[in-house]
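Architecture and fold: a report
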Amino acid sequence: MENKFKECVLNYNSFTGFKMLGTEFFKCSLKDCDFSNSIANSCSFQSSDLNGSNFNDADLSKSDLRCAQNDLTNPLFTQLKSAKFSNSEVLSLLSLLGI
């Protein structure tokens, strides 16, 4: 079952350990949310504000993070295989790796 959220305010929620395959968050506010240990394969966070959200030990494989704002997903603690990013987000990921 796919869930779709459009222009929703979902701040301060805990998605810890949730299985959210294919969930779409479009233009949502997801500030200070906890996605740790979640399985979020093929999710979309397009144009959503992720300020302060935690993705440690989450699986974001094949997820779409293009145009996501304030995303500081640490590639050392998050599975990002085949995830999609905008150029600016790629530069942020590289800076977290010290590159």
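Conventions adopted
Residues numbered from 1 in each chain as written. Predicted model: local features only at pLDDT ≥ 70, side-chain atom pairs only at ≥ 80, totals over all residues. Heavy atoms only, no water. Helix = DSSP H or I, 4+ residues; strand = E, 2+ residues; numbered from the N terminus. Contact = heavy atoms within 4.5 Å. Salt bridge = Lys/Arg side-chain N within 4 Å of Asp/Glu carboxyl O. Buried < 20%, exposed > 50% of the residue type's maximum accessible area, 1.4 Å probe, protein only. pLDDT = per-residue confidence, 0-100. Core = buried A, V, L, I, M, F, W, Y, C linked by side-chain atoms within 4.5 Å. Polar contact = N/O pair within 3.5 Å; in protein donor to acceptor, adjacent residues only side chain to side chain. Phe/Tyr/Trp six-rings, centres within 6.5 Å; stacked < 30°, edge-to-face > 60°.

**Some remarks on the environment of A40**
Inspection of the secondary structure assignment puts A40 in the loop between β2 (24–26) and α1 (87–96). Sequence separation of A40 and S88 is 48 residues, and the distance between their C-alpha atoms is 22 Å. Once residues lying within four places of it in the same chain are set aside, the contact partners of A40 are M20, D59, L60, S61 and S63.

**So, the pattern of salt bridges**
Applying the stated criterion across every chain, the model contains two salt bridges. Salt-bridge contacts for D49 lead to K31; the nearest nitrogen and oxygen are separated by 3.9 Å. Of this pair, D49 sits in the loop between β2 and α1 while K31 sits in the loop between β2 and α1, and the two are 18 residues apart along the sequence. Judged by relative accessible area, which is 13%, D49 ranks as buried. In this structure K31 comes out as partly exposed when scored by relative accessible area, which is 31%.

**Some words on the confidence of the model for the protein chain**
Looking at the protein chain as a whole, its pLDDT mean stands at 90, while 98% of the residues score no less than 70. Of all secondary-structure elements in the protein chain, the lowest mean pLDDT belongs to α1, at 75, while strand β1 (residues 4–6) reaches the highest, 97.

**Examining the nonpolar core**
Within the largest apolar cluster, 21 residues are counted, with the highest numbers of intra-cluster contacts made by L30, F35, F45, L50, F55, L60 and L65. Leaving out residues up to four positions away in the same chain, F55 has contacts with F35, F45, L50, L60, D71, T73, F77 and T78.

**Notes on the side chain of D64**
Note on placement: D64 falls in the loop between β2 and α1. Here the side chain of D64 touches R66 through a polar contact of 2.6 Å, side chain to side chain. Ignoring any residue separated from it by four or fewer positions in sequence, one finds D64 in contact with C43, S44, F45, Q46 and K84.

**Regarding the packing of aromatic side chains**
Under the criterion given, the structure shown has nine aromatic pairs. Ring geometry for F15 versus F35: centroids 4.7 Å apart, planes at 10 degrees, classification stacked. Of this pair, F15 sits in the loop between β1 and β2 while F35 is found in the loop between β2 and α1, placing the two residues 20 residues apart along the sequence. Per residue, the accessibility class of F15 equals that of F35, and both read buried. Here the aromatic rings of F25 and F45 are separated by 5.2 Å at their centres, their planes lie at 15 degrees, and the arrangement is stacked. Of the two residues, F25 sits in strand β2 while F45 sits in the loop between β2 and α1, which places them 20 residues apart along the sequence. Just as F25 is buried, F45 falls in that class too.

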